[in-house]
Amino acid sequence: MGRLKIAFVGSGGAARGLAHLGVLKACEELGIHPEIYVGASAGALVGAMYGQDIPLDVMLDGYRLPWRRRHDGPRLHMSTFLGAPRLRDLVDPGYLASGLFSMDKLERYLERTLPINDFRKLPNQVLVTAVDVDTAQRVVFGPGYDDRTPVSQAVAASCCVPGLFRPYRIGDRYHLDGEVVRTASADLAVAAGANVVIISNIYRPEVRPPERTSIARLGVLRVLRQSLGIVLTEKERRGVELLSKLYPQVTFLDIAPDIGKYGFLNRFAARSLVLRGYRSALRVLAAAKERGVFSGTLTPDLGLN
């Protein structure tokens, strides 16, 4: 098989993307070090930060209680994403009506915060996906693709949830969330030379036992969230199955934490989300270790209390 080359592929999911940090924590505990990072939306944010060697503890620090924080690092709050329209948007009513908020505020924050804002200078290979709203084609930012667009702009484009945000403009093209076309672009990891691909998918739907109240009786938002989880998880599962057949020499490790009861905007559940990602990853990666794929040890200290 040659030299082991590991990739981490992260799905979107807004605040649920905190579970990706738990998956990466499990990787660290087991001595697994990806060198390729592929992501869309929340997965793009995590990949762009961790892929340029921002320590995981620094990333976790933004979600600790203020008096327990140890670092002066990125702090992604809800307000970071909710940008007001620019002057040029106000004179373009059609574009103004294409979404509620602008991604410009997030882009400016990342431009100020990221130590490295150039794909060509990153220590690891980072790939970010978006969708061109007019061609309906996947757009890839990073080495081997569009590597001249700043990382901050690529991530802003990838996080552009349709309806909630106006399509993000780069040059003369407009972009939406990369998951509009694919839940997880694991094929990019294979094309980059990975022979082990760790997929962190946080869309696993909630499974409720018969004795509990049906999701159908919990309101329209819960039904919509459950439906989205079912659709995206099924799309991701079928994609991984196809890739496994096309590339039998590649090991795909599909990690889907059970976080179906947590909403996409519930950043206050950080500890639970990170721990669920960690525990799910630990089971999958430990089993892979037993098969001879990895080796390492356990026990995290998240410090999120």
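(A) Here's a closer look at a positive patch on the surface. A cluster of basic residues, Arg68, Arg204, Arg271, Arg279 and Arg283, forms a positive patch at the surface. Here arginine 68 shows up in the loop between helix H3 (56–61) and helix H4 (78–81).

(B) Local environment of helix H1 (residues 18–29). Taking 1.5 Å per residue as the helical rise, H1 with its twelve residues ought to reach 16 Å, and the 17 Å between its terminal C-alpha atoms agrees with that figure. Counting buried residues along H1, eleven of its twelve residues qualify, which places the element largely inside the surrounding structure. One or two steps after H1, the chain reaches glycine 31, where phi turns positive at roughly 75 degrees.

(C) Structural context of the pairing of strand E10 (residues 251–255). Alignment of strand E9 (residues 196–200) against E10, held across five bridges, turns out to be parallel. From the neighbouring strand, valine 197 faces E10, where its bridge partner is phenylalanine 252. After leaving E9, the chain enters helix H10 (residues 220–246) and then returns to the sheet as E10, a path that is right-handed.

(D) Geometry of the side chain of serine 185. As for its position among the elements, serine 185 is in the loop between strand E8 (173–177) and helix H9 (186–191). Note on serine 185: relative accessible area 4%, which makes it buried.

Rules used in this analysis
Residues numbered from 1 in each chain as written. Predicted model: local features only at pLDDT ≥ 70, side-chain atom pairs only at ≥ 80, totals over all residues. Heavy atoms only, no water. Patch = residues over 30% accessible without salt bridge, like charges linked within 9 Å, V, L, I, M, F, W, Y side chains within 5 Å. Areas by Shrake-Rupley, 256 points an atom, 1.4 Å probe, with all protein chains shown as cover. Salt bridge = Lys/Arg side-chain N within 4 Å of Asp/Glu carboxyl O. Lys, Arg positive; Asp, Glu negative; His and termini not counted. Charge placed at Lys NZ, Arg CZ, Asp CG, Glu CD. Helix = DSSP H or I, 4+ residues; strand = E, 2+ residues; numbered from the N terminus. Expected span 1.5 Å × (residues − 1). Buried < 20%, exposed > 50% of the residue type's maximum accessible area, 1.4 Å probe, protein only. Pairing = 2+ DSSP bridges. Right-handed = clockwise from strand over helix to strand, strands pointing away.

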